[in-house]
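# Geometric and topological summary
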Amino acid sequence: MAAPAVKQDATEARIAGLAMPDGAGWAQDARKAALARVREMGLPTRRDEYWRYTDPASLVQASAPRAAIFDDRDEPPVFGDIDKLNIVFVDGVFDADRSDPLDMAGLEIERLSDATATDIHWAKDLYGVRETAGQDPVARPLAALNTAFASDGIVIRATGKAEKPVCFIYLHRDETSDAILHHLVKVEPEAELTILEVGPAAARFNKCMEIDVADTGAFHHVRAQGRDHERRAATHMFARVGAESLYKSFTLTANGVMTRNEHVIEIVGDNASAHVAGAALGDGRNASFHHDDTVFITHDALNGESRQVYKKVLRNGAEGVFQGKILVKEGAQKTDGYQISQSLLLDDDSSFQAKPELEIYADDVACSHGSTTGAIDETALFYLRSRGVPTDIATDLLVIAFLAEAIDEIESEALREDIIARLMHWLERRRQG
Amino acid sequence: MLEIKGLAVKLEEEDKQILKGVDLSVEAGKVHAIMGPNGSGKSTLSYVLTGRDGYEVTGGSATLEGEDLLDMDPEERAAAGLFLAFQYPVEIPGVGNMTFLRTALNAQRKSRGEEEMSAGDFLKLIRAKAKDLKIDADMLKRPVNVGFSGGEKKRNEILQMAMLEPKMCILDETDSGLDVDAMKLVSEGVNALRDEGRGFLVITHYQRLLDHIQPDVVHIMADGRIVKTGGPELALEVEKNGYADILAEVA
């Protein structure tokens, strides 16, 4: 069914400013198909079922709204002490000079534009494929737009245990930049890969990552979205998770006038695990803050385990949204699905909306979900203060404590500690005004 | 050290007077005990002195070394040297015991204009003090009081007291939930802190704790007032005859 006229107009207005890259090679067909899907679905509006709590207008409009660049020069960078392979993008454009050579034992790693010029079967079988699969039953037109028009990206295949994480560093230097990046990740059997992402990337960022974790593979993802107050981001992670394999993703978000992070994961092999987690700190003091986590996990195999752990700390009118679904298909027996979404509201002006969904067609499963919204624990606060800890520091300690369950989903201790250290530093900076 | 004069307190939310004029003076170097039946206002007194929300002071005063306590925030009272060992120590998931104590210690030092303690010095100090209280390294690393037994929680309170070195220590039913061995350990911890410059106010139901922490002065509290004050023998009298006789005598 074609989209309504008003939607078609908005969609055409957005598409008008975009061009498919020259020499898209084997990706050309996928891009054209994606464009057709975008036109058919139309870009989202507030009236769409999964956009009721988040207004997509600024993510859809023809050009990126201006976003001031956050000055973090005097701050220790996220993942600064982690030994990793750095891949730098400036306003969505790969910067070879600032990046490490794309070379590491156990990995095949290339720029998307280079990869499309050669015949890489696995990448061809992935580009736009997971994204297409992820359009059903919930439309994700911004992801299809990405597949059609992505201007850059990285293609990685892990054939063994990667010796260190691969880190995408997304720098934002132009106040009106509008970046569309598309990454492909394939983790082969017995292989293990950690992808890190850090930075705002652009004034407006549309990112899509398609991930295929083969049987017995392991994929880890830790992300810190940039602190630029006015930045906007719509990100999608589409994953296919094979038997005996592991998929883990954690996102830290502090600041951002508009963020929509979607996860679409399909567990297709037996005995596999998928964990997705997020910790968001929203403060509407300097710019408004709206953060939306939308997760869809499908169990289509035996003995699968999944966890969704999302925590949000909101103040000064900050808005948090969580939409999380667990779909257990017929025959996916012994599925263990867990979902928790919680918000800590530090004042009466902030808000949190949660829409948990369970849809289960197997009869021998254990699925649980919970969602809470609460204020700071006054008893704990008094206990800390009675020992001499000032109210603001005590509050921050309780904030970190509240986020701990999500942060604990990061498997690597070094990465976990790095995230906690950065978080504490940011909170300290905030206390100092 | 601690001077309480005519302290009257009601609950903020309801019209219920809990303390009806408490007069109490704890000198430096002395241990005072407060005993009394349930509902007499003992715990309320400890909470009001440390600044917990939910109470309204309707009259009287409380000072620590001449400083008006009631005018200060809880953290300022702590920095001024007041410490409450809680009857029910609070579990704080996600906040490490060490992080908590180091933050508290350095915040107090900072507010007194003293230099903060380095991570190395802190570690050395806490290891030594924890050893005395038979608190192992694992307990120090765990989140504050989470998964601690009743006895471990009380020992952790005493550890905090030992680290923060307050001038005035209030122990609110520290003996509740302790077995004999734990009581001994906790009492030894408290006795080790007894010092000429430090005052103690020990709130308890039972004489038993006072066998280990011997008080200089014993007060009986009932219906929001101190109704009788005496020496250690008063505690023995309570143990033997209960509160009924004393309350009848002062009624």
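For the structure itself, look to the data block above.
Here the residue numbers are simple positions, counted from 1 along each chain's written sequence. Working convention: letters from A go to chains and numbers from 1 go to ligands, in the order in which they are written. Local features in a predicted model are, by the rule used here, given only for residues with pLDDT of at least 70; side-chain atom pairs are given and counted only at 80 or more, and totals for whole chains, interfaces and linings are based on all residues. Side-chain numbers come from the whole structure's heavy atoms, not from hydrogens or water.

## Focus: the sheet that holds strand 1 (residues 2-11) of chain B
Within a sheet, neighbouring strands are paired by backbone hydrogen bonds and run either parallel or antiparallel to one another. All names here are of chain B. Convention followed: A pair of strands is considered paired only if DSSP assigns at least 2 bridges between the two. The helix count covers DSSP runs of H or I at least four residues long, the strand count covers runs of E at least two residues long, and both are numbered beginning at the N terminus. For this analysis, residues touch if any pair of their heavy atoms sits within 4.5 Å. Fitted lines through C-alpha atoms give the axes, limited to the stretch in contact for helices. The angle between two N-to-C directions lies from 0 to 180 degrees.
Across the sheet, 4 strands lie side by side as 2-1-4-5; this open sheet has antiparallel pairing. Pairing within the sheet leaves two strands with one partner each, and these edge strands are strand 2 (17-26) and strand 5 (67-68). Here strand 4 (residues 55-64) pairs with strand 5 via 2 bridges, running antiparallel. Paired with Leu 64 across the strands is Glu 67, a residue of strand 5. Helix-sheet contacts for helix 1 (residues 42-50) involve strand 1, strand 2 and strand 4, and the interaxial angle to strand 1 is about 105 degrees.

## A word on the packing of helix 2 (residues 27-41) of chain A against helix 7 (residues 141-149) of chain A
How two helices pack is summed up by the angle between their axes together with the distance between the axes. All names here are of chain A. What counts, and what does not: In these notes the angle categories are as follows: under 35 degrees is roughly parallel, over 145 is roughly antiparallel, 65 to 115 is roughly perpendicular, and the rest is oblique. In this scheme the handedness of a crossing depends on how the near helix is turned from the far one: anticlockwise by less than a right angle means left-handed, clockwise means right-handed.
Between helix 2 and helix 7, whose axes approach to 7 Å, the crossing angle comes to 150 degrees. In terms of orientation, helix 2 lies roughly antiparallel with respect to helix 7. In the crossing of helix 2 with helix 7, the sense of the turn from one axis to the other is left-handed. Between helix 2, through Ala 30, Arg 31, Ala 34, Leu 35, Arg 37, Val 38 and Met 41, and helix 7, the contact on the second element is made entirely by Pro 141, Ala 144, Leu 145, Thr 147, Ala 148 and Phe 149.

## Some points on the interface of chain A and chain B
Using the following cut-off: Buried area counts how much accessible surface, traced with a 1.4 Å probe, disappears from two parts once they are put together, with both parts' losses summed. Side-chain atoms alone can form a polar contact between residues adjacent in sequence; in general such a contact is a pair of N or O atoms within 3.5 Å, and within protein one must be able to donate a hydrogen while the other accepts it. Each residue gets one label: Ala, Val, Leu, Ile, Met, Phe, Trp, Tyr, Cys and Pro are nonpolar, Asp, Glu, Lys and Arg are charged, and the others, such as Gly, are polar.
The interface is formed by 18 residues belonging to chain A together with 31 residues belonging to chain B. Across the chain A to chain B interface the summed buried area is about 1900 Å²; carbon plus sulfur atoms make up 70%. In terms of surface lost to chain B, no three residues of chain A exceed Phe 382, Tyr 383 and Arg 387 of chain A, which account for 43% of the buried area on that side. Across the chain A-chain B interface, the total number found is 9 residue pairs in polar contact (both at pLDDT 80 or more). For the side of chain A that touches chain B, the class distribution of residues is 11 nonpolar, 4 polar and 3 charged.

## Re helix 10 (residues 413-431) of chain A
Residue and element names in this part refer to chain A. Short version of the rule: Each residue after the first adds 1.5 Å to the expected span of a helix. Residue burial is assigned from relative accessible area. The probe radius is 1.4 Å, only protein chains are included, and a residue is buried under 20% of its type maximum, exposed over 50%, and partly exposed in between. The arc in question is the one traced by the directions running from the helix axis out to the C-beta atoms.
Here helix 10 spans 27 Å end to end across 19 residues, near enough to the 27 Å set by a 1.5 Å rise per residue. Regarding helix 10, the residues found buried are Leu 415, Asp 418, Ile 419, Arg 422, Leu 423, Trp 426 and Leu 427. Down the axis of helix 10, the smallest arc covering the buried residues is 165 degrees, so these residues share one side. For helix 10, the side-chain oxygen to backbone nitrogen distance between the N-cap and Ala 414 is 3.3 Å, and the N-cap itself is Ser 412. Looking at the residues trailing helix 10, positive phi occurs at Gly 433, about 85 degrees.

## What about the nonpolar core?
Residues and elements named next belong to chain A. Defined as follows: The criterion is simple. A nonpolar core is a set of buried Ala, Val, Leu, Ile, Met, Phe, Trp, Tyr and Cys residues joined through side-chain atoms within 4.5 Å.
With 124 residues, the main nonpolar core has Phe 79 and Phe 250 as its most contacted residues. Setting aside chain neighbours within four positions, we find Phe 250 in contact with His 221, Val 222, Arg 223, Ala 277, Gly 278, Ala 279, Ala 406, Ile 407, Ile 410 and Ile 419. Within the second largest apolar cluster, 48 residues are counted, among which are Phe 89, Phe 168, Ala 179 and Ala 280.

## Brief notes about the pairing of strand 7 (residues 192-199) of chain A
Residues and elements named next belong to chain A. Taken across its 8 residues, strand 7 has 7 buried, putting it largely inside the fold. Note: strand 5 (residues 166-171) against strand 7, 4 bridges, orientation parallel. Counterpart to Val 166 in the pairing with strand 7 is Ile 195. Of the strand pairs in this sheet, strand 7 and strand 9 (residues 218-225) are connected by 8 bridges, and their pairing is parallel. Looking at the pairing, Leu 196 lines up with Val 222 of strand 9.

## Describing the pairing of strand 1 (residues 85-90) of chain A
All names here are of chain A. When you tally the buried positions in strand 1, you get 6 out of 6 residues, the bulk of the element. Of the two faces of strand 1, both are covered, the one formed by Leu 85, Ile 87 and Phe 89 as well as the one formed by Asn 86, Val 88 and Val 90. Alignment of strand 1 against strand 5, held across 6 bridges, turns out to be parallel. By the bridge assignment for strand 5, Val 88 is matched with Ile 169. Bridging between strand 1 and strand 2 (residues 93-94) involves 2 bridges; their strand directions are antiparallel. If you follow Phe 89 over to strand 2, its bridge partner there is Phe 94. Counting the residues in the hairpin turn of strand 1 and strand 2 gives 2 residues, including Asp 91, whose phi is positive at 45 degrees.

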